[in-house]
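Working through the structure, step by step
Each chain, written out:
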Amino acid sequence: MLADLSPLIAATAQWLTRAYPPSGGALASALCEVQARQAVTVAAWLRYPTAMDAALVGMAGPGGSGALDWITGVTVSEDDEPETWAWRTWVDEVVASWAAGLLTDPELAALAVAALAEGEHTVDTPVEFRRLTGPDEADRRAAALLRHPDLLAPVAELHRAQLLDRLGPGRALAA
């Protein structure tokens with residue numbers, strides 16, 4: 001069984017950075033990618049907290065970017081080469097929505113990172129999400145669009161209530 005969320009994390013982070021591109025050159029691109037990847041990793045680990053959850057999404061598939069593309073006005077044609085759109089099938093709408101919420105709300109991001117201590121993903125490996133929870137000025141400049149609350153609101157609001165439920169008191173272990 002596939003218990004690895006890396007295809008889902010990579011595709012969802014790529015979707016975020018394409019929908020909300022970095023401001024600047026190569027360094028800005030790298031900083032923006034790191035922030036997106038950290039937010040998506042936290043969101044994915046919260047959404048799929050156990051190896052069984054990760055294996056199930058690996059078997060069933062996350063659903064793709066169709067609704068997110070529509071919300072953000074992206075047009076994708078299946079007439080294009082499969083390499084140009086196939087990765088979008090690994091985008092998880094809920095994870096993208098949760099990540100958008102974390103990128104625009106520092107308090108929510110800190111709460112989400114703290115909640116990871118209860119999941120299986122951080123048991124043996126200490127993980128730091130500093131660029132998500134404590135971005136410096138260079139991080140903010142590089143990801144100005146990716147962290148803009150008004151721009152991300154349509155995506156962040158899609159599943160915000162579900163994220164708040166997951167982080168609230170008496171939260172369930174499985175998504």
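Anything mentioned here points back to the structure above.
A brief structural summary. Since this is a predicted model, take the numbers as computed values, not measurements. Each residue is numbered by its place in its chain's sequence as written, counting from 1. Predicted model: local features are reported for residues with pLDDT of at least 70 only, side-chain atom pairs are reported and counted for 80 or more only, and whole-chain, interface and lining totals are derived from all residues. To get the side-chain values, all heavy atoms of the structure are used, and hydrogens and water are removed first.

Thoughts on the packing of helix 1 (residues 6-19) against helix 6 (residues 93-104)
- To define axes, lines are fitted to C-alpha atoms, for helices over the stretch in contact only, and angles between the resulting N-to-C directions are given on a 0 to 180 degree scale. In DSSP terms, a helix is any run of H or I states spanning at least four residues, a strand is any run of E spanning at least two, and both are numbered starting from the N terminus. Where helix 1 meets helix 6, the closest approach of the two axes is 10 Å, and the angle between their N-to-C directions is 60 degrees. Relative to helix 6, the element helix 1 is oriented oblique. Judged by the sense of rotation from one axis to the other, the crossing of helix 1 with helix 6 is right-handed. Taken together, the residues of helix 6 that come into contact with helix 1 (itself represented by L8, T12 and L16) are V95, A96, A99 and L103.
- Three residue categories are used. Nonpolar comprises Ala, Val, Leu, Ile, Met, Phe, Trp, Tyr, Cys and Pro, charged comprises Asp, Glu, Lys and Arg, and polar comprises the others, including Gly. Split by residue class, the contact of helix 1 with helix 6 holds 6 nonpolar, 1 polar and no charged. Put simply, angles under 35 degrees are roughly parallel, angles over 145 are roughly antiparallel, angles from 65 to 115 are roughly perpendicular, and the rest are oblique. Two helices crossing with the near one rotated counterclockwise from the far one by less than a right angle form a left-handed crossing, whereas a clockwise rotation gives a right-handed crossing. Note on contacts: a residue pair qualifies if any of its non-hydrogen atoms lie within 4.5 Å across the two residues.

Quick look at the packing of helix 2 (residues 26-47) against helix 6
- Two elements in contact, helix 2 and helix 6, have axes whose closest approach is 8 Å; the angle formed by their N-to-C orientations is 120 degrees. Comparing their axes, helix 6 and helix 2 come out oblique. Crossing handedness for the pair helix 2 and helix 6: right-handed. Listed contacts from helix 6 to Q35, A39, V40, V42, A43, A44, L46 and R47 of helix 2 are V94, V95, W98, A99, L102 and L103.
- Here the residues of the contact of helix 2 with helix 6 are counted per class, giving 12 nonpolar, 1 polar and 1 charged.

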